[in-house]
Amino acid sequence: MWDLAKTGKQKWSLFGTSSEGQNHSRIVFNMSSVQLQDGREILISTSMDREIKCWDMDSLSCCWTLPTLGGHVYTLSFSPVGVGCLALGVGDNLIRVWNTLSTQNQYDVRSFWQGIKSKVTALAWHPKKEGSLAFGTDDGKVGIYDVFSNKPPQISSSYHRKTVYTLAWGPPVPPLSFGAEGKQSYSLYSCAGEGIILQHEPARLNGEASDIDELIRDTNNIQHKLSPHTDLSWKPDGKVVAIGNEDGSIDVYQAPSLLLLCSIQQHHKIINTLRWHHDHGAAPELHCLLASGSSNAIVYIHDLRSVIENPPESPAVLTEPYRRLCGHTAKITSVAWSPHHSGRLVTASYDGTAQVWDVLEEAAVSNYRGHTGYLLCVDWSPADPDVIWTGGKDFTVQEWKVSQQEFTKPPKGKKMVMMQEKKQKKKNKMASGSVGPAEPKINGEPATEGKQAEQALSEEDEEEEVRSTNSLESPAVIEVPRKSTPAAKLKDKPDLMKKKKPRSMLPLSTSMDHRPKEELLQDCLTLASVKHSSAPPAGCVPGQGDYIHLGLFHDREALHRMFQAEEESHVEAGHYDSVVYLRLWSGDLQGALQLATERGELSDHLLSIAPMAGFEVWSRTVEAFVKQLCLQEQFLKAASHLLSINKLYEAVDLLRSNKLYREAIALVKARLPADQPLLKDLYTCWAAVLEKDGHLSAAAKCYLGAGCSFDAAKVIARKNDAPSLRTAADLARISGEEVLGQTLALRCAKDLAAAQDWVGAQEVLSSQSPLLAHRLHLCVAELLAAALEDSGVLAPASCVSTHLWANLNGYTTFQDRARDIWEEEFNVCLNSAGDRSISALLEELKSVETPARSASIPLRQVLLYSSVHLTRSLLSWLLSDDGRLLTELWQAAAWIGDSGHFEVSATFCRLLFPEGDVRIFSRKHSTTLHLSEAEAEAEAGSLQAVVCYHRLYECWWRDSVVQNGPSFCINDEPNDQAGAAELKERCSQGLDFEPSALLSEPHAACQATQRSVRETQERLSTMVLQHSRVQDGRTDSGNQQEGSQSQTATSDVEQGSEEEETFLSLSSKMSKLQQTLENIPNTIKMFPRPDVVECCLVLLHLDKSSSVSDVLRQQAKDLLQKYGTSLPVLKASRGFLT
């Protein structure tokens, strides 16, 4: 600052000298002084470092600093070593490192800009080395910053062609891992928009990075094309890496050889984010959980523990997730596991919200809606379990608490609003483009190639398409003036119709003929003297100077002198075409071609006479003409001229570099052998372009032309609709890719079955003979759905396509009908052999995986999962394997029972066990189950209890109808006196089952212990919550008077001691209950029965006419008195126990 009031020479005063780090770090843009009300004067300054600073004009010190963001927040990450050190990657070409735990300055932020020329899109802290921060940018650069030094970053010499989306530190893999034991513990991996993953050596970033796809191909012997990669995540222990792909698949590889362990085929859109669960402070079974998010708005959780701990001999294919997290309405951009909890996840989405999930319960915990645009990144605070940080489109980073959010789930409907806005923008763009100017013309032809290139670009990826021409020069746009001379105008000006006189090739000599008559006569005398006299006139040199025109009438030397003068005149006038013709006439063909080449004015005529100068000259001229044609974007003509000098491969490269794949392929097939590797390369490149533009069918034909049937089937299947999947499956089967064909056919059949198109599903599987077991599964599923719909407990589905045999047709049991259908329709019976044998079918069906049972799964999907186990039980029945049969029956019943659909479960049991005895499996085939093992007996007891449970309720409802009159009936029973009499007669017959299975005292004791555990857990949670509220209240009351503070502190101490006693007693009680649970036999816990206390109450409510023996009633009362300790149960049993 200068003080202009002083006189004489003086020195300025510098701001911010009182302490270090007060000044701006980059160019200052603007300053403005403000006079405050108290008379003080302050100065506000802004800078290229995007910080706003306030200065005190008296002390020249900085009062405060406010950092700002000038772009989208693409990524944020907390340092694993420096707690609270948050790095931000922003679209204003800056990296910011924020000390969020600073107590002196709330915005303790440092900016890093050196070496960064575009948006910062990816960040990754080194897991061990403090202050080492890797970054990736929009222009494909990868570098490493040391945030504790002022040195510029190290930039990798290996660039990506497109935006870097993900960076990750992990153990080195070959070739960096060879001989690197003890030298290098971590490598840096980068994944970018072109779909490749590079491995960088941090100590030698100037060296060449390695593409891990080569190692993946060599290790796993992969011949087909790998899907482009979009994300990667190393497991914290460094043993496994998960790689997400553009087709929605996730591949899990074992380090360091990158052996493929499994492929997760659950997403059907591009994978945006992957994250492994942390391995500190969590149960071991959670260490192998992998969260994945894609563009289909659903977050999947995968449990890979079995695959990682027991690697399969061949890569496994996983089609069912461990958990589904549904709620977002737009694509998922980022996920983060809580480092403080087990199984707690936060997700960020394009719907503008961040969602916290309880993964194990599949429950939404909290939803944050503070941003005004879509979210791009999220991370959990390493210091506070209740704090999460998010960044997004609105140029902000926000910190928020999970417990203080108003909403639990994301809002609905935002995705539809975004789609409508997108369609409206597209419509407006088309409308504005339709009324624009006419298409420009290049060399007389419509310039449509540029428009086609613009249409090929994705609407979301705002990237420029760069045209490559290999060794040729870059094409330039040649502007040609329009020729518009309408006939009407020519009629008004008839002088324009006159033929224009051509320009003379010899203008200087021609001009000499227009001199005065005397001079022309003197020329004749001079020429005669030169030709016939031995002493020509002094200074007369024909073809030069004033006698230039005489060169035409003298010897050849004189003519050449005249041509030289004429050339110089044409050059001065800019008439280079005339110079070319003069050289051509004089015999200097090579000079004429060289001049035309330099001027870019070669023509077909000059090229046609170029062979006269020799082969080398002609060849160079053709190459120059090709470059000239490329500048004019006449690529087909240029390629044809290359063929004239036998440069076939160069012609193909020219066509390919300019996206003329169809013409290039036609040329190669016409001129080269069929086994030429170039042909396959062309097909593959064209397929990649077509696939990116969404022309999947055309891309598949290209892959077929290249002999890549596997890739062709994969491309067609990307649409993920039933016709595409069916076509892809048939294509794979015809091409010999049997495994892929079976996988795709099974996916298609599952989709059709979910839509209740049973006929279509069976037709798809019928073409794949190895999938007979899955056809039997769909047969059972269809028969089960039809039986439930006929019973009225399942609502009929719309657009149903069913078979004629899909009904019980008078059969007593479901299993007898299914067995007869198998024999009649599928030729599967006890005598089947080979691949159709019962044992082979059962082994095939054992490979079908079903997810964990949950009440959130739709009923139709539950029936499909249940029918898998039901089909296995029927096959076990044919093999006379009673143990296996009973196990699968129990699983099928458990699926429906756990889904919460009581009437469906009751009808299911009635269909399978019409007599109420699970040991009597079939009267028609005289099948009675014989069990010898304790576990099988426990399963039978559990299943029998479920059957009796439903029959108990049926009896109670009939009893209630009789007692309350016909008006009480709700299940379409008759409302007349005859119907009531019939019901009364049915009830008088007593119970049609043995209820003793419901009154198991061991199960009652187990259930009572489990209830006590839940109640104790709830009380402990309530106590912890109350204690935290007391602590918050104590903090808020810190500004009160000293006397009230001492009183509050005294009361808090007393209350704290009382709570401590209660907490200790409850913790001790919890330990005892857990010990009791551990002592209960596993068969009781694994195979539960209906609530014994509930069954006791229902039995006691039955009328005397229901034939419930006094012994059973007394047993129910004893169990109720012993285990019915909750308040609702005591109230309900008051009339029976008094």
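Residues numbered from 1 in each chain as written. Predicted model: local features only at pLDDT ≥ 70, side-chain atom pairs only at ≥ 80, totals over all residues. Heavy atoms only, no water.

### Let's talk about the nonpolar core
Phe814, Trp822 and Phe826 are the most contacted members of the largest nonpolar core, which totals 140 residues. Counting residues per element, this core draws most heavily on helix H22 (residues 772-791), which supplies 13 residues. With residues up to four places along the chain from it excluded, the contact list for Phe814 reads Val780, Leu783, Leu784, Leu808, Leu870, Leu911 and Leu912. Listed in part, the 27 residues of the second largest apolar core include Ala945, Cys948, Val1093 and Cys1096. (Core = buried A, V, L, I, M, F, W, Y, C linked by side-chain atoms within 4.5 Å. Buried < 20%, exposed > 50% of the residue type's maximum accessible area, 1.4 Å probe, protein only. Helix = DSSP H or I, 4+ residues; strand = E, 2+ residues; numbered from the N terminus. Contact = heavy atoms within 4.5 Å.)

### Comments concerning the packing of helix H10 (residues 589-599) against helix H12 (residues 615-631)
When two helices pack together, you describe them by how their axes are tilted relative to each other and by the distance separating the axes. At their nearest, the axes of H10 and H12 sit 10 Å apart, and the two run at 15 degrees to each other. Here H10 lies roughly parallel to H12, going by the angle between them. H10 and H12 meet at a crossing whose hand is left-handed. Contacts between H10 and H12 involve Gln590, Leu593 and Thr597 from the former and Val617, Arg620, Thr621 and Ala624 from the latter. Grouping the amino acids of the contact of H10 with H12 by side-chain chemistry returns three nonpolar, three polar and one charged. (Axes fitted to C-alpha atoms, helices over the stretch in contact; angles between N-to-C directions. Parallel < 35°, antiparallel > 145°, perpendicular 65-115°, else oblique. Left-handed = near helix turned anticlockwise from the far one by under 90°. Nonpolar A, V, L, I, M, F, W, Y, C, P; charged D, E, K, R; others polar.)

### Some words on the sheet that holds strand E12 (residues 154-155)
Reading across the sheet, the four strands line up as E9-E10-E11-E12 and stay open at both edges, with antiparallel pairing between neighbours. Here the strands that pair on one side only, and so sit at the sheet edges, are strand E9 (120-125) and E12. Sheet analysis places E9 next to strand E10 (residues 132-137), joined by five bridges and oriented antiparallel. Paired with Trp125 across the strands is Leu133, a residue of E10. (Pairing = 2+ DSSP bridges.)

### Concerning helix H26 (residues 882-898)
With 17 residues, H26 ought to run about 24 Å at 1.5 Å a step, and its terminal C-alpha atoms sit 24 Å apart, in line with that. Of all the residues in H26, the buried ones are Asp882, Leu885, Leu886, Glu888, Leu889, Trp890, Ala892, Ala893, Ala894, Trp895 and Ile896. Two residues or fewer after H26 comes Gly900, characterised by a positive phi angle close to 90 degrees. (Expected span 1.5 Å × (residues − 1).)

### Some details on the packing of aromatic side chains
Evaluation of the coordinates by the stated rule reveals 20 aromatic pairs. Residues Phe135 and Tyr145 carry aromatic rings whose centres are separated by 5.7 Å and whose planes lie at 40 degrees to one another, so their mutual orientation is tilted. With Phe135 in strand E10 and Tyr145 in strand E11 (residues 142-146), the pair connects residues that are ten residues apart, well separated along the chain. The pair Phe135 / Tyr145 is uniform in exposure class, with both members buried. Between Tyr953 and Trp956 the ring centres are 5.7 Å apart and the planes differ by 55 degrees, which places this aromatic pair in the tilted class. Taken as a pair, Tyr953 and Trp956 lie in helix H28 (residues 934-964) at a separation of three residues, close to a single helical turn. Through pairs of rings, three or more aromatic residues link up here, namely Phe902, Tyr949, Tyr953, Trp956 and Trp957. Sitting over the ring of Tyr322, Arg323 keeps its end group 4.3 Å from the ring centre. (Phe/Tyr/Trp six-rings, centres within 6.5 Å; stacked < 30°, edge-to-face > 60°. Lys NZ or Arg CZ within 6 Å of the ring centre and 35° of its normal.)

### Details of the environment of Ala596
In this fold, Ala596 is placed in helix H10. Its relative accessible area of 2% is what places Ala596 among the buried residues. When the C-alpha atoms of Ala596 and Leu606 are compared, they prove to be 8.7 Å apart, with ten residues separating the residues in sequence.

### Focus: the environment of Ala297
Inspection of the secondary structure puts Ala297 in the loop between strand E22 (289-294) and strand E23 (299-303). Along the primary structure Ala297 and Cys326 are separated by 29 residues, whereas in three dimensions their C-alpha atoms are 7.5 Å apart. In this view, Ala297 contacts His328, Thr329, Ala330, Lys331 and Ile332; residues no more than four positions away in its chain are not counted.

### Description of the side chain of Ser47
Note that Ser47 resides in strand E2 (residues 41-47). A relative accessible area of 6% places Ser47 in the buried class. In terms of polar contacts, Ser47 uses its side chain to reach the backbone carbonyl oxygen of Arg26, at 3.1 Å. A polar side-chain atom of Ser47 sits 3.1 Å from a polar atom in the side chain of Asp49. Non-local contacts of Ser47, meaning those with residues more than four positions away in its chain, are made with His24, Arg26, Ile27, Val28 and Phe29. (Polar contact = N/O pair within 3.5 Å; in protein donor to acceptor, adjacent residues only side chain to side chain.)

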